[in-house]
Amino acid sequence: MDELSVGSVLLTSCDGGLGLELLKGLLEQRRPPRHLFAACLDPQGKAINEVALGNPSVVVLPLDMTDPNSIKAAVGKVQEKVGSAGLNLLINNASNTRRSTLATETAENMTLVYTTNTIGPLQMSQAFLPLLKEAAEAEGQHEMSCSRAAIINISSILGSIEAGEAWEERQDICYRCSKAALNMLTKCLALEYGDRGILCVSVDPGCVTPPLGQGMGPVTMEESVQGVLRLLAQLSATSNGTFWDWRGQSLPW
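Residues numbered from 1 in each chain as written. Predicted model: local features only at pLDDT ≥ 70, side-chain atom pairs only at ≥ 80, totals over all residues. Heavy atoms only, no water.

Caption draft 1: Quick look at the overall build of the protein chain. Within the protein chain one finds six helices and seven strands. The N-to-C order of helical and strand elements in the protein chain reads β-α-β-α-β-α-β-α-β-α-β-α-β. At 17 Å, the protein chain has a C-alpha radius of gyration in line with the 18 Å of a compact globule built from 253 residues. Taken along its principal axes, the extent of the C-alpha atoms in the protein chain is 50 × 40 × 30 Å. Each of the 253 residues in the protein chain was classed as buried or not, and the buried ones make up 52%. Taking contacts inside the protein chain between residues at least 6 apart in sequence as the whole, the part at least 24 apart equals 72%. Surface summary for the protein chain: the accessible area is close to 11,300 Å², and the carbon and sulfur share equals 51%. Distance between charge centres in the protein chain, computed from 19 positive and 27 negative side chains, equals 4 Å. (Helix = DSSP H or I, 4+ residues; strand = E, 2+ residues; numbered from the N terminus. Rg over C-alpha atoms; globule rule 2.2 N^0.38 Å. Buried < 20%, exposed > 50% of the residue type's maximum accessible area, 1.4 Å probe, protein only. Contact = heavy atoms within 4.5 Å. Areas by Shrake-Rupley, 256 points an atom, 1.4 Å probe, with all protein chains shown as cover. Lys, Arg positive; Asp, Glu negative; His and termini not counted. Charge placed at Lys NZ, Arg CZ, Asp CG, Glu CD.)

Caption draft 2: The layout of surface pockets, seen in detail. Of the pockets and cavities examined, the second largest pocket occupies roughly 220 Å³. Around the second largest pocket, the lining is made up of 14 residues, and of these Ser13, Leu41, Met65, Ala94 and Thr116 lie nearest the centre. The residue inventory of the lining of the second largest pocket, partitioned by class, reads six nonpolar, six polar and two charged. (1 Å grid on protein atoms, 1.4 Å probe; cavity = no way out; pocket = protein on both sides within 12 Å on 5 of 7 lines; lining within 4 Å. Points joined across faces, edges and corners; volume = space filled by probe spheres on them. Nonpolar A, V, L, I, M, F, W, Y, C, P; charged D, E, K, R; others polar.)

Caption draft 3: Examining the sheet that holds strand β5 (residues 150–154) more closely. Taken together, seven strands build an open sheet; the order of strands is β3-β2-β1-β4-β5-β6-β7 and the sheet is parallel. Edge positions in the open sheet fall to β3 (58–62) and β7 (242–245), since each of these has one partner strand only. Direction aside, the axes of adjacent strands within the sheet are offset by 20° on average. Pairing between strand β1 (residues 8–11) and strand β2 (residues 35–40): four bridges, direction parallel. Its bridge partner lying in β2, Val9 is registered against Leu36. Helix-sheet contacts for helix α1 (residues 17–27) involve β1, β2, β3 and β5, and the interaxial angle to β1 is about 165°. (Pairing = 2+ DSSP bridges. Axes fitted to C-alpha atoms, helices over the stretch in contact; angles between N-to-C directions.)

Caption draft 4: Structural view of the packing of aromatic side chains. A complete count under the given rule lists one aromatic pair for this structure. With a centroid separation of 5.5 Å and an interplanar angle of 15°, the aromatic rings of Phe243 and Trp253 are classed as stacked. In this pair, Phe243 is assigned in strand β7 and Trp253 in the segment after β7, connecting sequence segments ten residues apart. A residue is classified by how much of its surface remains accessible, and Trp253, at 33% relative accessible area, is partly exposed. Over the aromatic face of Tyr175 sits the side chain of Arg170, whose NZ or CZ is 5.4 Å from the ring centroid. (Phe/Tyr/Trp six-rings, centres within 6.5 Å; stacked < 30°, edge-to-face > 60°. Lys NZ or Arg CZ within 6 Å of the ring centre and 35° of its normal.)

This is the structure:
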């Protein structure tokens, strides 16, 4: 199995769920990251500190992706650790949703969910660009990959306009629209940052319930994590500005 080999990773929303499990998966790689920044809303949380204990490569970062000052402070702490080597991999994993239908959706829901799911990844990508550029320009780095410099936006098949998946099971307008916007952000990042050697990709981890229909899920957390990490190890220049699922299958925008 392909394994991800990367010097430094910043992973958001490590308080629990997919973020925490991806963190564990990264630590279980044959060559785990030298610097693994676990960003959390609650850096004192029991679950994240149990993982960090005994793993000196893990740095627990307080981070609120909706707060520019919090992001700025996180950039400073990461820079202190990585120095001129820069940051290799930024995984924007934080996500929010409110259950709704087309009839019940509200402006408040839309604003709240967009702030976390779309604006947060934008602000993170802007703030960490200098460190990603340093990693991309490091000596010996030539091919685009997650090992060199990359932004991975954790998205969802529910954000695919073409697929229009699982409409009968869950409409969740705010979530669908925010993930469609996140996918557009990924494309914009790829267009702007690709020439600088920074790979930008959207990834659907597949952890969606209720079931999405034939062959689409749900999946176990372990399957999702292993699939996502396997995918990240395989991404290259031809993947820039594209949308993939945890199984390594290309998804329609």
